[in-house]
Amino acid sequence: MTAHLDPHAHQPVRHLGAPLGEAKGAVVLLHGRGGSAEDILRLAKPLHREGLTYLAPQAAGHTWYPNSFLAPRESNEPYLSSALRKIGSVVAELEAARITRDRILIAGFSQGACLATEFVASNPARYAGLIAFTGGLIGPPDANLHHEGSLAGTPALFLSGDPDPHVPWQRVQASASEFERMGAVITARRFPGRPHTITAEEVELARTLVREAFPLTNEAHTR
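Residues numbered from 1 in each chain as written. Predicted model: local features only at pLDDT ≥ 70, side-chain atom pairs only at ≥ 80, totals over all residues. Heavy atoms only, no water.

K.L.:
It is not clear to me how the overall build of the protein chain should be interpreted in this structure. Could you clarify?
P.N.:
Counting its regular elements, the protein chain contains 6 helices and 7 strands. For the protein chain, the α and β elements follow one another from N to C terminus as β-β-α-β-α-β-α-β-β-α-β-α-α. Over its C-alpha atoms the protein chain spans a radius of gyration of 16 Å, differing by no more than 12% from the 17 Å that the globule rule assigns to 223 residues. Each principal axis of the C-alpha atoms in the protein chain carries an extent, and together these give about 50 × 40 × 30 Å. Long-range contacts, defined as pairs at least 24 residues apart, comprise 78% of the intrachain contacts of the protein chain with a sequence gap of at least 6. Just so you have it, the protein chain exposes about 9,900 Å², and 54% of that area is on carbon and sulfur atoms. (Helix = DSSP H or I, 4+ residues; strand = E, 2+ residues; numbered from the N terminus. Rg over C-alpha atoms; globule rule 2.2 N^0.38 Å. Contact = heavy atoms within 4.5 Å. Areas by Shrake-Rupley, 256 points an atom, 1.4 Å probe, with all protein chains shown as cover.)

Shown next as structure tokens:
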């Protein structure tokens, strides 16, 4: 597939943490519009757990798709499909390293949160977790958000300000409801008046999910 049809295919994937062959689990981090893999990898420090590998793919031109996630899907092609394939290739690389999906957590901010949410719903399985820092399922306001399959108890954390200039709280709520219908275990938090960013409180909530998703051996023994 040519670069014109698959613009993100050959973009780099940045890495921190344990080598793939030694990792006990993985966190895939997806940056927002105008951001970079290096930016979102800063979350690897507060979300650090011993034995985890952290992977962050880079979007071509620093944007995963050109228009709002609420625009008609065809207006975001071929970028949107390419972005979802890019995440799929990262997950496939992890699976090739014998890191199964129940040990893969996918997280993102803004545009990256929308992609993370859409990827998990479109590729349902028991994941280690989903963290959507200001994002939701992709499609226009009147879209049918229904997805087939089961998330089998995947913990999913939806965090957003309200009002947000890019992501309406109603879409966050609707996405959380669809994830719950698919069998995910939902935590949704609304932050009135919060600007379009990730706050320390949200990072702490994410850190708790990561800690619970990837308990250390000594922690598991003391439960």
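After that view of the structure, there is still more to cover.
K.L.:
Could you clarify how one ought to interpret the sheet that holds strand β5 (residues 129–133) in this entry?
P.N.:
Through backbone hydrogen bonds, the strands of a sheet pair up, either in parallel or in antiparallel fashion. Read across the sheet, 7 strands follow the order β1-β3-β2-β4-β5-β6-β7 without closing on themselves; strand pairing throughout is mixed. Either end of the sheet is taken by a strand with one partner, and the two such strands are β1 (13–17) and β7 (185–192). The sheet shows a mean angle of 15° between the axes of neighbouring strands, taken without regard to direction. Of the pairings in the sheet, the one linking strand β4 (residues 104–109) to β5 comprises 5 bridges and is parallel in character. (Pairing = 2+ DSSP bridges. Axes fitted to C-alpha atoms, helices over the stretch in contact; angles between N-to-C directions.)

K.L.:
In this structure, what is going on with the packing of helix α2 (residues 79–96) against helix α3 (residues 111–122)? I would like to understand it.
P.N.:
Helices that pack against each other are described as a pair by the angle of their axes relative to one another and the distance between those axes. The N-to-C vectors of α2 and α3 enclose an angle of 70°; their axes lie 10 Å apart at closest approach. It follows that α2 is roughly perpendicular to α3 by the angle criterion. Note that α2 runs across α3; the crossing there is right-handed. On α3, the residues that touch L80, A83, L84, I87, G88 and V91 of α2 are L115, E118 and F119. The residue inventory of the contact of α2 with α3, partitioned by class, reads 7 nonpolar, 1 polar and 1 charged. (Parallel < 35°, antiparallel > 145°, perpendicular 65-115°, else oblique. Left-handed = near helix turned anticlockwise from the far one by under 90°. Nonpolar A, V, L, I, M, F, W, Y, C, P; charged D, E, K, R; others polar.)

K.L.:
Please explain helix α4 (residues 169–181) as it appears in this structure.
P.N.:
Since there are 3.6 residues in each turn of an α-helix, residues three or four apart along the chain are aligned in direction. Helix length check: α4, at 13 residues, gives a terminal C-alpha distance of 18 Å against a target of 18 Å (1.5 Å per residue), a fit within 8%. For α4, the full list of buried residues reads W169, R171, V172, S175, A176, E178 and F179. Where the residues of α4 are buried, they touch α3, β5, β6 (155–162) and β7. Two residues or fewer past α4, G183 is found with a positive phi of approximately 100°. (Expected span 1.5 Å × (residues − 1). Buried < 20%, exposed > 50% of the residue type's maximum accessible area, 1.4 Å probe, protein only.)

K.L.:
How should the environment of P215 be read in this particular structure?
P.N.:
Mapped onto the elements of the fold, P215 is located in the loop between α5 (200–213) and α6 (217–222). Along the primary structure P215 and R49 are separated by 166 residues, whereas in three dimensions their C-alpha atoms are 8.6 Å apart.

K.L.:
Teacher, can you tell me more about the pattern of salt bridges here?
P.N.:
It is possible for side chains of opposite charge to pair when their charged atoms get near one another. Evaluation of the coordinates by the stated rule reveals 10 salt bridges. As a salt-bridge pair, R73 and E118 come within 3.3 Å of each other at their nearest N and O atoms. Pair noted here: R73 is in the loop between β3 (52–57) and α2 and E118 is in helix α3, with a separation of 45 residues, a long-range link. On the basis of relative accessibility, which here comes to 30%, the residue R73 falls in the partly exposed class. With its nearest N and O atoms 2.5 Å apart, the salt bridge here joins R207 to E204. Of the two residues, R207 and E204 are both situated in helix α5; the distance of 3 residues between them amounts to about one turn of the helix. (Salt bridge = Lys/Arg side-chain N within 4 Å of Asp/Glu carboxyl O.)

K.L.:
Explanation requested: the pairing of β7 in the structure shown.
P.N.:
Consecutive residues of a regular strand have side chains that alternate between opposite faces of the sheet. Relative to β7, β6 is paired through 8 bridges, and the arrangement is parallel. Paired with G161 across the two strands is F191, which belongs to β7. In the classification by handedness, the crossover that spans β6, the intervening α4 and the parallel β7 is right-handed. (Right-handed = clockwise from strand over helix to strand, strands pointing away.)

K.L.:
Hey, could you run me through the layout of surface pockets in this one?
P.N.:
Over the atoms a probe the size of a water molecule is rolled, and this reveals where empty space is left. Considering only enclosed or pocket space, the largest pocket measures out at about 400 Å³ in volume. Elements with a contribution of two residues or more to the lining of the largest pocket: α1 (37–40) and α3. Of the voids in this model, the second largest pocket is the one considered here, and its volume is about 190 Å³. Looking at the second largest pocket, it is lined by 10 residues, and the ones nearest its centre are K24, E50, F214, P215 and L216. (1 Å grid on protein atoms, 1.4 Å probe; cavity = no way out; pocket = protein on both sides within 12 Å on 5 of 7 lines; lining within 4 Å. Points joined across faces, edges and corners; volume = space filled by probe spheres on them.)

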